[in-house]
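Structural characterization, general
Residue-level listing of the chains:
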Amino acid sequence: MDTRDAISKRIVKLCEERNITINKLCAMSGATQSTINDIVNGVTKNPGIVTIKKLCDGLEITLCEFFNSDLFHNLEQEIK
């Protein structure tokens, strides 16, 4: 799994845990629906940290909490 996939899966999991939709997350965070859909669907190749921070703010979690997941522990090497 690469970083992009891990971020996508983490967003989906956080929404599921809170029983909210991606659309609701957009409203909570101020991020656009197209931006979040592109991240979740793998269209965005490099999700920006500012966007991730907005999502965290909407979810009322820190960046540390976002990245504190097994998804990020064994990522593939990005430099090939």
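Looking at an unreviewed UniProt entry, one finds the protein named Helix-turn-helix transcriptional regulator, with Candidatus Aphodoplasma excrementigallinarum as its source organism.

**Some thoughts on the overall build of the protein**
Across its full length, the protein carries 5 helices and 0 strands. Starting at the N terminus and ending at the C terminus, the protein contains elements arranged as α-α-α-α-α. Rg of the C-alpha trace for the protein: 12 Å, near the compact-globule value of 12 Å for 80 residues, within the 12% margin. Counting across all 80 residues of the protein, residues that qualify as buried make up 35%. Once local pairs closer than 6 in sequence are excluded, the contacts in the protein between residues at least 24 apart make up 60%.

**Details of the packing of aromatic side chains**
Two descriptors summarise a pair of aromatic rings, namely the distance from one centre to the other and the angle between the planes of the rings. Inspection of every chain in the model, using the stated rule, returns 3 aromatic pairs. Look at Phe66 and Phe67: their rings are 5.0 Å apart centre to centre, the planes differ by 80°, and that puts the pair in the edge-to-face class. By relative accessible area, Phe67 is classed as partly exposed at 29%. Here the aromatic rings of Phe66 and Phe72 are separated by 6.0 Å at their centres, their planes lie at 45°, and the arrangement is tilted.

**Examining the UniProt feature "domain: HTH cro/C1-type" (unreviewed entry) in the protein**
Residues given the UniProt feature "domain: HTH cro/C1-type" (unreviewed entry) here are residues 11–66. Spanning residues 11–66, this segment combines 70% helix with 0% strand, and its end C-alpha atoms are found 9 Å apart.

Basis of the calculations
- Residues numbered from 1 in each chain as written.
- Predicted model: local features only at pLDDT ≥ 70, side-chain atom pairs only at ≥ 80, totals over all residues.
- Heavy atoms only, no water.
- Helix = DSSP H or I, 4+ residues; strand = E, 2+ residues; numbered from the N terminus.
- Rg over C-alpha atoms; globule rule 2.2 N^0.38 Å.
- Buried < 20%, exposed > 50% of the residue type's maximum accessible area, 1.4 Å probe, protein only.
- Contact = heavy atoms within 4.5 Å.
- Phe/Tyr/Trp six-rings, centres within 6.5 Å; stacked < 30°, edge-to-face > 60°.
- UniProt positions renumbered as here; feature names shortened; annotations may be inferred.

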